Amino acid sequence: MTIKRVGILTGGGDCSGLNAVIRAVTRAAAIQYGAQVIGIEGGFEGLISGQTQELTVKSTKDILTLGGTILGTTNKGNPFQYRERMEDGAVKTTDYSGKAVETFNRLNLDCLFVVGGEGTLEIGYQFFKKGIPVIGIPKTIDNDLEGTDYTFGFQTAVQVACDALDRLQTTGRSHDRVMILEVMGRNAGWIALEAGIAGGAHIILIPEIEYDIQNVIRKIMLRKKGGSPFSIIMIAEGAKERGGTTVKAEEAQGRLQGVEKLGGIGFHLARQIEKQIDLEVRTTVLGHIQRGGSPNSFDRVLGTRLGSFAVDAAVQGKFGTMAALKIPDIVLVDLRDLAGKVRTVPLDSQLIRCAESIGINLGREAM
Ligand code: F6P
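Quantities reported herein were computed from a predicted structural model and do not represent experimental measurements.

### Points about the overall build of the protein chain
At step 1: Within the protein chain, the regular secondary structure consists of 10 helices and 15 strands.
At step 2: Principal axes of the C-alpha set define a box for the protein chain whose edges measure 70 × 50 × 35 Å.
At step 3: In the protein chain, which comprises 367 residues, the proportion classed as buried is 54%.
At step 4: In the protein chain, of all internal contacts separated by at least 6 residues, the share reaching a separation of at least 24 is 71%.

Right under this line is the structure:
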């Protein structure tokens, strides 16, 4: 089919590489097919409000290295269940999906590129079922999407976390302290595991393996007895103690996003350790620093490949799909097969085996 006018939106939390995708879609659509590109602002909110901007080769010329998204994004604007805070503080939920479809039709678009994580792609799939020709593009620092080997944004976040660990090693060694770094990832341990291995962590605690505090203490004591009185611990925000629950900075209830905010497990772990050993413990929570800044070269290339491939897929009329990385290729997978799925670190993965085989403690007896 021919494409004359295509739309693109970015949804969910921002990450490095979103602008690389926007630029690639704009350039491929304009250069290959002479199509006009409309950027929908603020994620799906822009489909409700009709707020858009035209994207051109010229207007996107300097954004490849830019962090964030020039279109803006939100992780609370699901048009099917739009949550608004009323004057009395209560949260009201409305279905604006019909309005969003109207906007899409009024904009006279041949296709909508939906760039996002699991939540955003799920909404994209619902719109596909309502008749909008959607093609998804996978992003998230968490790397927790089914169907793709990597999401863009992940490798940059891993690099940021690894750099932070390198710096914490300095204070750990100088002061003989236990240094804890808490990283993002929601219920997946990909960032913690990869950055922990890259940064030489001695203990890595991930959501997929509930930790036993006595194993953590034993590892620290073993290191101390062996002449290394400092230890570096990488912990994922979604990690939890055996038999315990995740530590939440805020409960889902009452939040506009309707999802809980994770955070604080690093401080909990520090308290547990300090109770049992006489070493000083310090916790750093890396937070949104992992999502910001310029994408590394891997994420620039991945974002560009996904964007360019998605445009070709639109011309072939392959809607209801997501462009995905199956190393070494970019392929299409059905959005239907991804709905509601989250990819955590498999317990039998080589990454886990690799970490334990070199003596990294994962909070359990090594397998
Ligand atoms: O999904 C990406 C992510 O950064 C998670 O790792 C984290 O738990 C969450 O988003 C934080 O969301 P927010 O920006 O709403 O605090």
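### Structural notes on the domain arrangement of the protein chain
At step 1: Assigned domains of the protein chain: these are domain 1 (5–152 + 295–337) and domain 2 (158–291).
At step 2: The C-alpha centroid of domain 2 is placed 33 Å from the C-alpha centroid of domain 1.
At step 3: Listed by partner, the interface residues are 15 residues for domain 1 and 14 residues for domain 2.
At step 4: Both faces combined, the contact of domain 1 with domain 2 buries some 1,300 Å², and carbon together with sulfur accounts for 51% of it.
At step 5: Looking only at domain 1, the three residues that lose the most surface to domain 2 are Arg83, Ile141 and Asp142, adding up to 41% of its buried area.
At step 6: At the boundary of domain 1 with domain 2, the tally comes to one salt bridge.
At step 7: Asp14 is paired through a salt bridge with Arg291; the nearest N and O atoms lie 2.9 Å apart.
At step 8: Counting across the domain 1 and domain 2 interface gives three residue pairs in polar contact (both at pLDDT 80 or more).
At step 9: With three residues, strand S4 (residues 82–85) is the largest single contributor of residues to the side of domain 1 that touches domain 2.

### Observations regarding empty space enclosed by the protein
At step 1: All told, the structure shown has one cavity of 30 Å³ or more when counted by the stated rule.
At step 2: A volume near 90 Å³ is recorded for the largest cavity.
At step 3: If you trace the largest cavity, you find it lined by Glu118, Leu121, Glu122, Tyr125, Leu145, Glu146, Met322, Leu335, Leu338, Ala339, Gly340 and Lys341.
At step 4: Element by element, the count of residues in the lining of the largest cavity is highest for helix H4 (residues 118–129), at four residues.
At step 5: Of the residues belonging to the lining of the largest cavity, the class tally is seven nonpolar, one polar and four charged.

### Section: the site of the ligand
At step 1: Close to the ligand lie Asn75, Ile141, Asp142, Met184, Gly185, Arg186, Glu237, Gln257, His288 and Arg291.
At step 2: Interatomic distance of 3.4 Å between a side-chain N/O atom of Asn75 and an oxygen atom of the ligand.
At step 3: Coverage of the ligand by the protein amounts to 81% of the 400 Å² it exposes when considered alone.
At step 4: Judged by its atoms lying within 2 Å of the grid points, the ligand is housed in the largest pocket.

### Topic: the side chain of Thr60
At step 1: In this structure, Thr60 sits in the loop between strand S3 (52–55) and S4.
At step 2: Take Thr60: its relative accessible area is 0%, and that puts it in the buried class.
At step 3: The contact partners of Thr60, leaving out residues within four places of it in the chain, are Ile22, Arg23, Thr26 and Leu55.

### What to know about the sheet that holds strand S9 (residues 203–205)
At step 1: Pairing is parallel in the open sheet, where four strands are placed in the order S9-S10-S8-S13. Strand pairing shows two members of the sheet lacking a second neighbour, S9 and strand S13 (281–285), which therefore form its edges. On average, each strand axis in the sheet is tilted by 15° relative to the strand beside it, whichever way the strands run.
At step 2: Two elements, S9 and strand S10 (residues 231–236), share three bridges in a ladder whose sense is parallel. Paired with Ile203 across the bridge in S10 is Ile233.
At step 3: Helix H5 (residues 154–175) rests against strand S8 (178–183), S10 and S13 of the sheet, and its axis sits at about 165° to S8.

Conventions used here
Residues numbered from 1 in each chain as written. Predicted model: local features only at pLDDT ≥ 70, side-chain atom pairs only at ≥ 80, totals over all residues. Heavy atoms only, no water. Helix = DSSP H or I, 4+ residues; strand = E, 2+ residues; numbered from the N terminus. Buried < 20%, exposed > 50% of the residue type's maximum accessible area, 1.4 Å probe, protein only. Contact = heavy atoms within 4.5 Å. Domains from an automatic or database assignment. Buried area = accessible area lost by both parts, 1.4 Å probe. Salt bridge = Lys/Arg side-chain N within 4 Å of Asp/Glu carboxyl O. Polar contact = N/O pair within 3.5 Å; in protein donor to acceptor, adjacent residues only side chain to side chain. 1 Å grid on protein atoms, 1.4 Å probe; cavity = no way out; pocket = protein on both sides within 12 Å on 5 of 7 lines; lining within 4 Å. Points joined across faces, edges and corners; volume = space filled by probe spheres on them. Nonpolar A, V, L, I, M, F, W, Y, C, P; charged D, E, K, R; others polar. Near = heavy atom within 4 Å. Areas by Shrake-Rupley, 256 points an atom, 1.4 Å probe, with all protein chains shown as cover. Sits in = over half its atoms within 2 Å of the grid points. Pairing = 2+ DSSP bridges. Axes fitted to C-alpha atoms, helices over the stretch in contact; angles between N-to-C directions.

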